[in-house]
Amino acid sequence: MQPTIVLYKKVPEDVLAMLQARFSVVQFDGVNGDNRAAFVAALANAEGLIGASLKIDAGILDAAPHLKAISTISVGTDQFDVDDLTRREIVLLNTPDVLTQTTADTGFALILATARRVVELADYVRAGQWTGSIGEACFGTDVQGKTLGIIGMGRIGGAIARRAACGFGMRVLYTNRTPNVAAEQAYGAQFTALDALLRTSDFVCITVPLTPQTEGMIGARELAKMPPRAILVNISRGTIIDESALITALENGQLRGAGLDVFEREPLSPDSPLLRMKNVVALPHIGSATHETRHAMAVCAAQNLIDAMEGESSGNMVNPKR
Ligand code: DGY
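Residues numbered from 1 in each chain as written. Predicted model: local features only at pLDDT ≥ 70, side-chain atom pairs only at ≥ 80, totals over all residues. Heavy atoms only, no water.

(A) Representation of the site of the ligand. Taken together, Ser74, Val75, Gly76, Leu99, Arg237, His285 and Met297 are the residues near the ligand. In the model, an oxygen atom of the ligand is placed 2.8 Å from a nitrogen or oxygen of the Val75 main chain. A distance of 2.8 Å separates an oxygen atom of the ligand from a polar side-chain atom of Arg237. Protein burial of the ligand: of its 230 Å² of free accessible surface, 80% is covered by the chains. (Near = heavy atom within 4 Å. Polar contact = N/O pair within 3.5 Å; in protein donor to acceptor, adjacent residues only side chain to side chain. Areas by Shrake-Rupley, 256 points an atom, 1.4 Å probe, with all protein chains shown as cover.)

(B) Just the nonpolar core, in detail. Among the nonpolar cores identified, the biggest contains 48 residues, and Leu19, Ile50, Leu148 and Ile160 are the most heavily contacted of them. Broken down by element, this core gets its largest block of residues, 7 residues, from helix H12 (residues 291-309). Structurally, this core is a two-domain feature, drawing no fewer than three residues from each of domain 1 (4-98 + 292-309) and domain 2 (100-282). Residues within four places of Ile160 in sequence aside, it is in contact with Ala104, Gly107, Phe108, Leu148, Ile150, Cys205, Thr207 and Ile235. Grouped together as the second largest cluster of nonpolar side chains are 27 residues, Leu232, Ile241, Ala258 and Phe263 included. (Core = buried A, V, L, I, M, F, W, Y, C linked by side-chain atoms within 4.5 Å. Buried < 20%, exposed > 50% of the residue type's maximum accessible area, 1.4 Å probe, protein only. Helix = DSSP H or I, 4+ residues; strand = E, 2+ residues; numbered from the N terminus. Domains from an automatic or database assignment. Contact = heavy atoms within 4.5 Å.)

(C) Fine view of the packing of helix H5 (residues 100-115) against helix H7 (residues 155-168). Where H5 meets H7, the axes come as close as 8 Å, and the angle between the chain directions of the two elements is 55°. Here H5 lies oblique to H7, going by the angle between them. Read as a crossing pair, H5 and H7 show a hand that is right-handed. Residues Thr100, Gln101, Thr103, Ala104, Asp105, Gly107, Phe108 and Leu112 of H5 form the contact with H7, whose own contacting residues are Arg155, Ile156, Ala159, Ile160, Arg162, Arg163, Ala164 and Phe168. (Axes fitted to C-alpha atoms, helices over the stretch in contact; angles between N-to-C directions. Parallel < 35°, antiparallel > 145°, perpendicular 65-115°, else oblique. Left-handed = near helix turned anticlockwise from the far one by under 90°.)

(D) Main features of the environment of Leu67. Inspection of the secondary structure puts Leu67 in the loop between helix H3 (58-62) and strand S4 (69-72). In the structure, Leu67 is positioned 24 residues away from Leu43 in sequence and 8.1 Å away in space, judged by C-alpha atoms. With residues up to four places along the chain from it excluded, the contact list for Leu67 reads Ala46, Glu47, Gly48, Leu49, Leu61 and Ile90.

Written out as structure tokens, the structure reads:
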């Protein structure tokens with residue numbers, strides 16, 4: 001008999017076929033208040049779990065006594081308590097690498113869009129306000145030649161550094177738990193203390209993963225260190241920034257603008273003051289959201305689960321190695 005797995009996010013047909021060839025698949029197209037009880041009931045026999053965008057808490061895990069592996073269709077693992085999974089001897093796998101370049105593109109799109117006021121000025125044209133030759137009121141600020149501070153020099157941070165240094169001749173500063181020698185050699189990136197990075201960067205881009213250590217790391221104190229010419233970009237997780245402190249800083253003109261793909265609460269409320277600010281570009285968490293990359297992530301996650309269930313050691317295991 002094939003092992004049972006629960007799939008809790010819609011995946012492309014070919015990826016579903018990969019899973020169905022090996023497992024008995026119980027499918028949910030997302031989990032919400034209406035189908036949560038059925039989802040939890042389906043876990044009683046499940047040996048594998050695959051999906052994304054759902055907090056997998058102790059209550060869910062208690063309902064899944066046979067679970068051996070969870071494969072998340074994401075690089076972020078903040079929906080899981082990895083220590084608890086490790087204690088329960090459940091392997092967690094994620095999808096790094098395949099989304100690195102696309103997510104870096106999103107970060108750079110936000111840098112360019114905020115600096116050159118792309119969304120605001122496209123709205124101005126659409127509203128029929130472009131009635132003559134534009135003047136200073138429509139000017140933005142240069143990206144090329146400026147200083148970019150990257151908070152978190154992992155895979156995505158490195159891909160942003162490459163775009164900045166090689167494409168835009170930018171000076172790159174970074175913070176990280178440990179120095180990233182490869183980024184220093186390839187892109188001239190300089191390992192810098194957070195306060196100094198905030199004080200001297202024209203653009204600050206957050207790529208660090210959400211952990212108890214990074215949650216709330218950019219609050220009023222940190223925002224106050226940024227110069228009024230600076231732009232803050234976040235493509236990681238919303239709760240790394242204290243969002244109300246950011247709103248206050250933007251309202252007070254402490255920052256030039258912000259490019260945000262992620263928010264404290266998603267979806268962002270239409271009432272958010274951020275949406276009333278012309279110098280804020282807000283995206284609906286699209287970091288890796290291209291057809292090609294989302295397909296590659298689903299394939300990667302399916303293969304991760306297959307390998308783990310077949311006892312193969314996957315390079316994408318998140319639990320600490322023993
Ligand atoms: C990721 O892969 O972690 C993306 O942010 C989607 O959540």
